[in-house]
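# Reading the structure
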Amino acid sequence: MHLIITDSYQQSAVLAARQTADIVKRNPTALLGMATGTTPIPLYEELCRMQSRGEIDLSGISTINLDEYVGLAGDDENSYLYFMRKYFLDPLGIPLSRVYIPNGVANPAAEIARMNDFADQHPIDVQILSVGENGHIGFNEPGDVFYDKFHLVKLTESTRQANSRLFQDISQVPARAITMGIGGIMRARKIVFLANGEKKLAAMKAMLEEGDVTPKNQGTILKFHQDCTIYLDKELAASIQPARHVQVTYAK
Ligand code: GLP
């Protein structure tokens, strides 16, 4: 694990965007693993700015998303497809034919099979990742096992509560989602990870400090990833004592 401590969350996003852009410069048809939530928005905005300044061309990439809510169609503004189109796919000119995300209103078993068929044959070059308040990555909720592949999950009440800020009220938050499994995330060649805010402190401590790798806190599995870069602003990093295996760098 490589921890890069930055001056601000905005600097984290800019550095993470540059790292992602470098991969695409070397491989213009790279497969990018995408995350949703408010955390990666500044990273996606920076990639869009880089493309409009002519510094990078992302129009040839393909994308695969971590997850989607079951029950939300792609034109629902809380669906993750809608999010991806708004912040990333449409501004960059990436056609939906190269976008792999579960369809929230199709048969879940068929969608899981479709996503796994694609994922089994296409290694992710770089996975963008962040974490939920309870340590979930994608929608892999705290539990007793690490799942390997795409699967159906029942969302915990704490996740529904945390994500309800984006919905009218909690009754509108779907109860289930399809998510990439932990195995799929761990098979990504590279992980670019962002977190920010006090609410993520417990999850980040579990990931970066000495301690067990446990499905009770799914993000702890990242301790075993061979190429995971975590960007944290100095405010959040101040309360964390990184374990010996973590290589720490201060951004200039
Ligand atoms: C959702 C997504 C996660 C994301 C989390 C955190 O639950 N499934 O992939 O990490 O939200 O969201 P935010 O960045 O808004 O805190």
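Scroll up to find the structure.
Treat the numbers as computed from the prediction; the structure is a model and nothing was measured.

## As for the packing of aromatic side chains
Under the counting rule described, the total for this entry stands at eight aromatic pairs. For the ring pair Tyr 69 and Phe 167, a centre distance of 5.7 Å and an interplane angle of 85° mean the geometry is edge-to-face. In this pair, Tyr 69 sits in strand S4 (residues 67-69) while Phe 167 sits in the loop between helix H5 (157-163) and strand S8 (176-179), placing the two residues 98 residues apart along the sequence. Judged on exposure class, the residue Tyr 69 and its partner Phe 167 are both buried. Each residue in the set Tyr 44, Phe 83, Tyr 87 and Phe 88 is aromatic and connected to the rest through ring pairs, giving one cluster.

## Some details on the pattern of salt bridges
Tallied over the entire structure, the rule returns 14 salt bridges. The shortest N-O distance in the salt bridge between Asp 7 and Lys 234 comes to 3.5 Å. Of this pair, Asp 7 sits in the loop between strand S1 (2-6) and helix H1 (9-26) while Lys 234 sits in helix H8 (residues 234-237), and the two are 227 residues apart along the sequence. In this structure Lys 234 comes out as partly exposed when scored by relative accessible area, which is 48%. Of the charged contacts, one joins Arg 189 and Asp 125 as a salt bridge, the two residues approaching to 2.9 Å between their closest N and O atoms.

## Section: the nonpolar core
Formed by 84 residues in total, the largest nonpolar core has its most connected members in Phe 88, Phe 193, Met 204, Leu 222, Ile 230 and Leu 232. Counting residues per element, this core draws most heavily on H1, which supplies eight residues. Setting aside residues up to four positions removed in sequence, Ile 230 forms contacts with Met 1, His 2, Leu 3, Ile 4, Phe 193, Met 204, Met 207 and Leu 208.

## Some thoughts on the side chain of Asn 217
The residue Asn 217 is located in the loop between helix H7 (201-208) and strand S10 (228-233) in this model. Given a relative accessible area of 16%, Asn 217 falls into the buried group. Filtering out sequence-adjacent residues up to four positions away, Asn 217 remains in contact with Asn 134, Gly 135 and Ala 206.

Each value, and the rule that gives it
Residues numbered from 1 in each chain as written. Predicted model: local features only at pLDDT ≥ 70, side-chain atom pairs only at ≥ 80, totals over all residues. Heavy atoms only, no water. Phe/Tyr/Trp six-rings, centres within 6.5 Å; stacked < 30°, edge-to-face > 60°. Helix = DSSP H or I, 4+ residues; strand = E, 2+ residues; numbered from the N terminus. Buried < 20%, exposed > 50% of the residue type's maximum accessible area, 1.4 Å probe, protein only. Salt bridge = Lys/Arg side-chain N within 4 Å of Asp/Glu carboxyl O. Core = buried A, V, L, I, M, F, W, Y, C linked by side-chain atoms within 4.5 Å. Contact = heavy atoms within 4.5 Å.

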